[in-house]
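# Architecture at a glance
As a plain string of letters, each chain reads:
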Amino acid sequence: MSTKPTLTYFGVRARGEFIRVLAHYLGVDFVDNRVASIDDELRSKTTFGQLPIYQDGSVTLAQTGAIARYIAEQHNFLGKTPVERAHVNEIVDSAFDIISSYFRSKGNAEESEKFKTAILPRFLNSYEKKLATNKHSAGGDDYTLADVFLFNIVDYVEFLGFAEVVKPFAKIQEHLTHFRSHANLSKYISSRPTTTV
């Protein structure tokens, strides 16, 4: 059995990619266990009968946000003050709002248009304002979990076909460029499996 932490998630980006990107950015040596489905044996190892799960020694965690915060806390990456950590959580939770809104809109033309023209731009405007004030999105003096989540959600919506919506936001574009050029992340991004979602 591997002594490395193991992330188990489907072979897609979606919610699991937040953890993969974070782990690669921080240089965490982990097993990226991509599965096609959850069988009964795997389900019995989960907390809530769903993925992702993260196994680190005797610790098994569910829920993307909880896993990401656990990894970030191990690397002093959650922010230095209560206020900064609260702003980190703002960004983390907003990323989940975006991904949930996207998947709810799929298959419904009216909702898809609303996501493209109203919901996504609203979040992007907020991100742009934060980054215009401080290149660290949680407002501190260094990068945090918030910055990785902001990078990943915007990178993901570009992948999903919304690059033209993202394009006008200059500070977000700078943020994307910074993280895409990070040594650990650029290596992962260039080699990660091709997926449809």
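What you see is a predicted model; the values in this text were computed from it and never measured. (Residues numbered from 1 in each chain as written. Predicted model: local features only at pLDDT ≥ 70, side-chain atom pairs only at ≥ 80, totals over all residues. Heavy atoms only, no water.)

Let us now look at the UniProt feature "domain: GST C-terminal" (unreviewed entry) in the protein chain. Here, the residues flagged by UniProt with the feature "domain: GST C-terminal" (unreviewed entry) are residues 81-197. Across residues 81-197 one finds 78% helix and 0% strand; the C-alpha atoms that close the span lie 35 Å apart. (UniProt positions renumbered as here; feature names shortened; annotations may be inferred. Helix = DSSP H or I, 4+ residues; strand = E, 2+ residues; numbered from the N terminus.)

Under the local residue numbering, the UniProt record ascribes the feature "domain: GST N-terminal" (unreviewed entry) to residues 3-79. The distance separating the terminal C-alpha atoms of residues 3-79 is 28 Å; by composition the span is 34% helix and 23% strand.

Relative to strand E3 (residues 53-56), strand E1 (residues 6-10) is paired through 3 bridges, and the arrangement is antiparallel. Considered in E3, the bridge of leucine 7 is made with tyrosine 54. If you look at the hairpin formed by E3 and strand E4 (residues 59-62), you'll find 2 residues sitting between the two strands, and glycine 57 has a positive phi there, around 65 degrees. (Pairing = 2+ DSSP bridges.)

The subject of this paragraph is the domain arrangement of the protein chain. Segmenting the protein chain into domains produces domain 1 (6-76 + 184-191) and domain 2 (82-182). On a C-alpha basis, the centroid separation for the pair domain 1 and domain 2 is 21 Å. Taken together, the 17 residues of domain 1 in the interface contact 21 residues of domain 2. Carbon and sulfur atoms supply 68% of the area buried between domain 1 and domain 2, which totals about 1,800 Å² over both sides. Taken together, the connections running from domain 1 to domain 2 amount to 2 salt bridges. Viewed at the interface, domain 2 and domain 1 are joined by 7 residue pairs in polar contact (both at pLDDT 80 or more). Among the secondary structure elements, those contributing two or more residues to the side of domain 1 that touches domain 2 are helix H1 (16-26), helix H3 (64-74) and helix H8 (183-191). Tallied by class, residues from the side of domain 1 that touches domain 2 come to 9 nonpolar, 4 polar and 4 charged. (Domains from an automatic or database assignment. Contact = heavy atoms within 4.5 Å. Buried area = accessible area lost by both parts, 1.4 Å probe. Salt bridge = Lys/Arg side-chain N within 4 Å of Asp/Glu carboxyl O. Polar contact = N/O pair within 3.5 Å; in protein donor to acceptor, adjacent residues only side chain to side chain. Nonpolar A, V, L, I, M, F, W, Y, C, P; charged D, E, K, R; others polar.)

Moving on, we get to the nonpolar core. The nonpolar side chains of a soluble globular protein tend to be buried with one another. With 64 residues, the main nonpolar core has Tyr127 and Leu145 as its most contacted residues. Sort the elements by how many residues they give to this core and helix H6 (residues 145-166) lands first, with 14 residues. Of the domains in this structure, domain 1 (6-76 + 184-191) and domain 2 (82-182) are the two that each give at least three residues to this core. If we skip the residues at most four places from it in the chain, leucine 145 touches Leu22, Ala68, Arg69, Ala72, Phe77, Leu78, Val88 and Val92. (Core = buried A, V, L, I, M, F, W, Y, C linked by side-chain atoms within 4.5 Å. Buried < 20%, exposed > 50% of the residue type's maximum accessible area, 1.4 Å probe, protein only.)

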